[in-house]
Amino acid sequence: MKVVNEMANDKRSDGQTVSAMPSDVPPAIPEALPAALGRTPTLEQYDIRIARDGTWFHNGDPIRRIELAKLFSTVLKRDDDGDYWLVTPVERGRIVVEDAPFVAVEMTVAGSGADQVLSFRTNLDHWVEAGPEHPIRVAVNPETGEPAPYIEIRSRLEALILRSVFYDMVERSETRRTETGESEVGLWSNKVFFALGRLPGD
C-alpha cells in the first residue's frame, strides 16, 4: 500500500478529466461490501504500524496528514484472534498495533449521578459517549500495578485513555460497595457504572 499526498487526475478516452482517489488508497466501505460483491479481497503485505501514542507509520515514517490516517481508520478491522487488518473490497492486509489503534485525548462531562454522560474525543476526532455500546475498562499491569484505561470506539477497536484524562476521571470518581463488600471507585455514564479500581486494603 502506497501513501500518497494528492488526488489523481485521469484522462478518459473521450477527453474528459476525471478526478479520483488513487486506487491504492482504501476507500471507506461497509464491512459486508466485499461479500456482497462476490469478491474475496487479496492478501497484501502492509508495512503500517500504529504506535502506542496513536501515531500511524508507513515504511517506518510517520503519516503526517491526519486526513489520510482518518481514511485508513475507516477500513480498520480487528478479528477474533485480536489481529488488526485494513480491509477494502479488493485487498486486505495485516497491520501492527502496539497497544490500541486510537487514543482518547479529551473528555467532556454532562449531568450528574447515574444520568451523567462522559464523552471522549480520540486523536482522530471520533466522539463517543461511554455507556453500554462504548464500555470503559481498566487493565492493570501485573508487574507494575499500573492501570491502563480503555474505551471501545467501535467493534473490538479501543482507544487508550490519555493519562491526564484518566486523572480527571479519578478526580470525578465516587466510591461504592460491591456485592462482595469491597470498595471500588468509578464513574457513571449513560446509567452504567464503570469501575476504575479498588481502594487499598479492601
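Quick caveat: nothing in here was measured; it's all calculated off a predicted structure. (Residues numbered from 1 in each chain as written. Predicted model: local features only at pLDDT ≥ 70, side-chain atom pairs only at ≥ 80, totals over all residues. Heavy atoms only, no water.)

Caption draft 1: Structural view of the layout of surface pockets. If you add up the space inside the largest pocket, you get close to 280 Å³. Lining the largest pocket are 16 residues, with Arg52, Glu146, Pro147, Leu160 and Arg163 positioned closest to its centre. Looking at the lining of the largest pocket, its residues break down into 11 nonpolar, one polar and four charged. (1 Å grid on protein atoms, 1.4 Å probe; cavity = no way out; pocket = protein on both sides within 12 Å on 5 of 7 lines; lining within 4 Å. Points joined across faces, edges and corners; volume = space filled by probe spheres on them. Nonpolar A, V, L, I, M, F, W, Y, C, P; charged D, E, K, R; others polar.)

Caption draft 2: Region of the structure containing the sheet that holds strand 4 (residues 56-58). An order of 5-4-3-8-7-6 is seen for the six strands of this open sheet, with the pairing classed as mixed. Every other strand in the sheet has two partners, leaving strand 5 (61-62) and strand 6 (76-78) as the edge strands with one partner each. Sheet topology note: the strand 6/strand 7 (residues 84-87) ladder contains three bridges and is antiparallel. Looking at the pairing, Leu76 lines up with Leu86 of strand 7. Set on the sheet, helix 2 (residues 66-73) makes contact with strand 3 (42-50), strand 4, strand 6 and strand 7; between it and strand 4 the angle comes to about 90 degrees. (Pairing = 2+ DSSP bridges. Helix = DSSP H or I, 4+ residues; strand = E, 2+ residues; numbered from the N terminus. Contact = heavy atoms within 4.5 Å. Axes fitted to C-alpha atoms, helices over the stretch in contact; angles between N-to-C directions.)

Caption draft 3: Geometry of the packing of aromatic side chains. A full pass over the atoms with the stated rule returns two aromatic pairs. Note on Trp188 and Phe193: the rings are 5.4 Å apart at their centroids and 70 degrees apart in plane angle, and the pair reads as edge-to-face. When its relative accessible area of 21% is taken as the criterion, Trp188 is described as partly exposed. Its end group placed over the ring of Phe57, Arg49 keeps NZ or CZ at 4.2 Å from the ring centre. Between Arg92 and the ring centre of Trp85, over which it is positioned, the NZ or CZ distance is 4.8 Å. (Phe/Tyr/Trp six-rings, centres within 6.5 Å; stacked < 30°, edge-to-face > 60°. Buried < 20%, exposed > 50% of the residue type's maximum accessible area, 1.4 Å probe, protein only. Lys NZ or Arg CZ within 6 Å of the ring centre and 35° of its normal.)

Everything listed here is a matter of geometry and, on its own, says nothing about what the molecule does.
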